[in-house]
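# Structural overview for review
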Amino acid sequence: SRSFIASTGGSAISADIYQLTTTISSVNDIPEITVSDNAGTSFSLDEDNTLTFSEAESRLISVSDADDGAQLTTTLSIADGSGSINITDIGTATVTGDGSTSIEIQGDVDEVNAVLASVTYTPTANGNGDGYATLVVTTSDGVDDAQTLNLTLDVTAVNDAPTGDSAILSTVVE
């Protein structure tokens, strides 16, 4: 709340004085999701490997909220059958669903970002294809609409070594 006093002029004895008070109310800002600069929203990995989202890999997922002290709920999810999402460092946030197709992280911005710095994605064994999975990242402060970011995960096929039984099943006729 701010106040200021204005005078209509005149002598100090006869001047009219008015006081105007204004109240400025803050509004809630929607939290934001970003991926490291120039990382884009499409990522590739080879079949049967793991994709790490971290600053070291130049593909860090992070959230922010202009509202000081905001408590966030951030969800990472992929379709059933397309692999799993794992966290390597939970820290002090509350995390549910680690190692599944949907993980929920609750905490303040710093706590959520600490968890997001250790996210890995592993496709289903031998699964591959362009657009094989979409990692959907959603964050909300529980006040306004949630922010959503979709990341496309392309899995490149790898030639697997042949497998078979070591017993030889043949007959030689002489």
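The shown structure was predicted, so the numbers you read here are calculated from the model rather than taken from an experiment. (Residues numbered from 1 in each chain as written. Predicted model: local features only at pLDDT ≥ 70, side-chain atom pairs only at ≥ 80, totals over all residues. Heavy atoms only, no water.)

### Some details on the sheet that holds strand E12 (residues 129–140)
Let me state the cut-off plainly: Two strands qualify as a pair provided that DSSP identifies no fewer than 2 bridges between them. Elements are defined by DSSP. Helices are runs of H or I of four residues or more, strands are runs of E of two residues or more, and each kind is numbered from the N terminus. Axis lines are fitted to C-alpha atoms, over the contacting stretch for helices. Their N-to-C directions set the angle, which ranges from 0 to 180 degrees.
Reading across from one edge, E4-E13-E12-E7-E10-E9 is the order of the six strands in this open sheet, with mixed pairing throughout. In this open sheet, the two strands that pair with only one neighbour each are strand E4 (42–46) and strand E9 (94–96). For this sheet, the mean angle separating the axes of adjacent strands, direction not counted, is 20 degrees. Examined bridge by bridge, E4 and strand E13 (residues 147–156) share five bridges and lie parallel to one another.

### Remarks on the pairing of strand E7 (residues 71–77)
As a reminder, the rule being used: Exposure is judged per residue with a 1.4 Å probe applied to protein chains only, and the accessible area is read against the type maximum: over 50% gives exposed, under 20% gives buried, and values in between give partly exposed.
Burial along E7 is one-sided: Leu-72, Thr-74 and Leu-76 are buried, and none of Gln-71, Thr-73, Thr-75 and Ser-77, which face the opposite way, are. Examined bridge by bridge, E7 and E12 share five bridges and lie antiparallel to one another. The partner of Thr-74 across the bridge, within E12, is Thr-139.

### Let's talk about the packing of aromatic side chains
Note the cut-off: Two aromatic rings from Phe, Tyr or Trp, using only the six-membered ring of Trp, form a pair when their centres are within 6.5 Å; if the ring planes differ by under 30 degrees the pair is stacked, by over 60 it is edge-to-face, and anything between is tilted.
Taken as a whole and assessed by the stated rule, the structure comprises one aromatic pair. Residues Phe-43 and Phe-53 carry aromatic rings whose centres are separated by 5.4 Å and whose planes lie at 85 degrees to one another, so their mutual orientation is edge-to-face. Highlighted residues: Phe-43 in strand E4 and Phe-53 in strand E5 (residues 51–53), separated in sequence by 10 residues.

### Looking at the sheet that holds strand E8 (residues 84–87)
Reading across the sheet, the three strands line up as E5-E11-E8 and stay open at both edges, with antiparallel pairing between neighbours. With one partner strand each, in any of the chains shown, E5 and E8 form the two edges of the open sheet. Averaged over all adjacent pairs, the angle separating strand axes in this sheet is 25 degrees, with direction ignored. Sheet topology places E8 next to strand E11 (residues 119–122); four bridges connect them, and they run antiparallel. Bridge assignment links Ile-87 to a residue of E11, and that residue is Val-119.

Honestly, it's all geometry; don't read function into it.
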